[in-house]
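Residue-level structural notes
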Amino acid sequence: RIEPVEREMDRIFGSAIWGRDDDTFEGAVGALLAERRQTLSCMESCTGGLLASTITDTAGCGDYFRGGIVTYWTDLKIDSGVAPAVIEEFGVISAETARAMAEAVRRELHTDYGVGITGVAGPDDQEGKPPGTVHIGVATPHGPTVTSSMSMNQGRAAVKRRAVTSALTLLRRALLEAPGN
């Protein structure tokens, strides 16, 4: 009885539908990477490893997830490949630094895609930016690094969770927009 309804929803919503039943969003993103035989790495700051943890909650993630780096301190971002000039010019909490983090982790961990997340989880301001300010970058093998920025402050845990969901959403969009799809 549900099949005709599902077909109609697929027709209307297309790629906005990412799963059914027990599917998870991170599993759906991982399935896209796995079916394309592509790899992923991440460099996280304000999420403290939550993106890597979320990705590795999916069985089979070792087929596409190469690893992640948690760079809470600025010097570790630089040691991990982020150009000091980017941080000096734009600050740690910026779209430019998120872009540089994504590109650095993709390069350093030799993956097809790299995700960078930087921001202020709270409770205090950082670099004059309020808690809830988050910047995400996704480096791809087929074009310029895409970024997304948001500002919401619903507490530290919520900022981290929303940043991870936003990063996965940006990554999924990049995968769906890749040439040949």
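Use the structure listed above.
Residues numbered from 1 in each chain as written. Predicted model: local features only at pLDDT ≥ 70, side-chain atom pairs only at ≥ 80, totals over all residues. Heavy atoms only, no water.

1. Considering the overall build of the protein
The following threshold applies: The secondary structure listing takes helices from DSSP runs of H or I that are at least 4 residues long and strands from runs of E that are at least 2 residues long, numbered from the N terminus. We compute the radius of gyration over the C-alpha atoms and compare it with the globule rule, which gives 2.2 Å times the number of residues raised to the power 0.38. Throughout, exposure labels follow a simple rule: accessible area from a 1.4 Å probe, protein chains only, divided by the maximum for the residue type, with under 20% read as buried, over 50% as exposed, and the rest as partly exposed. Computed by Shrake-Rupley with a 1.4 Å probe, the accessible areas treat only the displayed protein chains as cover when residues are assessed. Only four residue types enter the tally: Lys and Arg on the positive side, Asp and Glu on the negative side; His and the chain ends are excluded. To locate a charge, the coordinates of NZ of Lys, CZ of Arg, CG of Asp or CD of Glu are taken.
Of regular secondary structure, the protein possesses seven helices and five strands. Along the chain direction, N to C, the helices and strands of the protein fall in the order α-α-β-α-β-α-α-α-β-β-β-α. Computed over its C-alpha atoms, the radius of gyration of the protein comes to 17 Å, within 12% of the 16 Å expected for a compact globule of 181 residues. Expressed as lengths along the three principal axes of its C-alpha atoms, the size of the protein is roughly 55 × 35 × 25 Å. The buried share of the protein, reckoned over its 181 residues, is 45%. Accessible surface, the protein: about 9,400 Å² in total, of which carbon and sulfur atoms supply 50%. Here the protein contributes 18 positively and 24 negatively charged side chains, and the mean placements of these two sets differ by 4 Å.

2. Some details on the sheet that holds strand β5 (residues 146–151)
Let me state the cut-off plainly: Should DSSP find at least two bridges between two strands, the strands are regarded as paired. To obtain each axis, a line is fitted to C-alpha atoms, and for helices this fit is confined to the stretch in contact; angles are then taken between N-to-C directions over 0 to 180 degrees.
Here we have five strands laid out as an open sheet, ordered β2-β1-β3-β4-β5, and mixed in their pairing. Strand pairing shows two members of the sheet lacking a second neighbour, β2 (65–70) and β5, which therefore form its edges. Along the sheet, successive strands turn relative to each other by an average axial angle of 10°, direction set aside.

3. Details of the nonpolar core
Keep this limit in mind: Residues belong to a common nonpolar core when they are buried Ala, Val, Leu, Ile, Met, Phe, Trp, Tyr or Cys residues joined through side-chain atoms within 4.5 Å. Contacts were defined at the residue level, with two residues in contact if any of their heavy atoms lie within 4.5 Å.
L51, Y113, V115, I117 and V134 are the most contacted members of the largest nonpolar core, which totals 32 residues. Looking at this core, the elements that each hand over two or more residues are α2 (25–36), β1 (40–44), α3 (50–55), β3 (113–119), β4 (133–139) and α7 (156–176). Of the residues forming this core, the biggest block, nine residues, is contributed by α7. Residues contacting I117, with those up to four places away along its chain left out, are M43, E44, S45, C46, T47, L51, M101, V134, H135, I136, A163 and A167. V82, V86, A100 and M101 belong to the second-largest nonpolar core, a separate cluster that totals twelve residues.

4. A word on the pairing of β4
Of all seven residues making up β4, seven are buried, and the element is well covered by its neighbours. The side-chain alternation of β4 yields two buried faces, one formed by T133, H135, G137 and A139 and the other by V134, I136 and V138. Judged from the six bridges that link them, β3 and β4 form a sheet pairing that is antiparallel. Counterpart to I117 in the pairing with β4 is I136. Inspection of the sheet shows β4 paired to β5 by six bridges, in the antiparallel sense.

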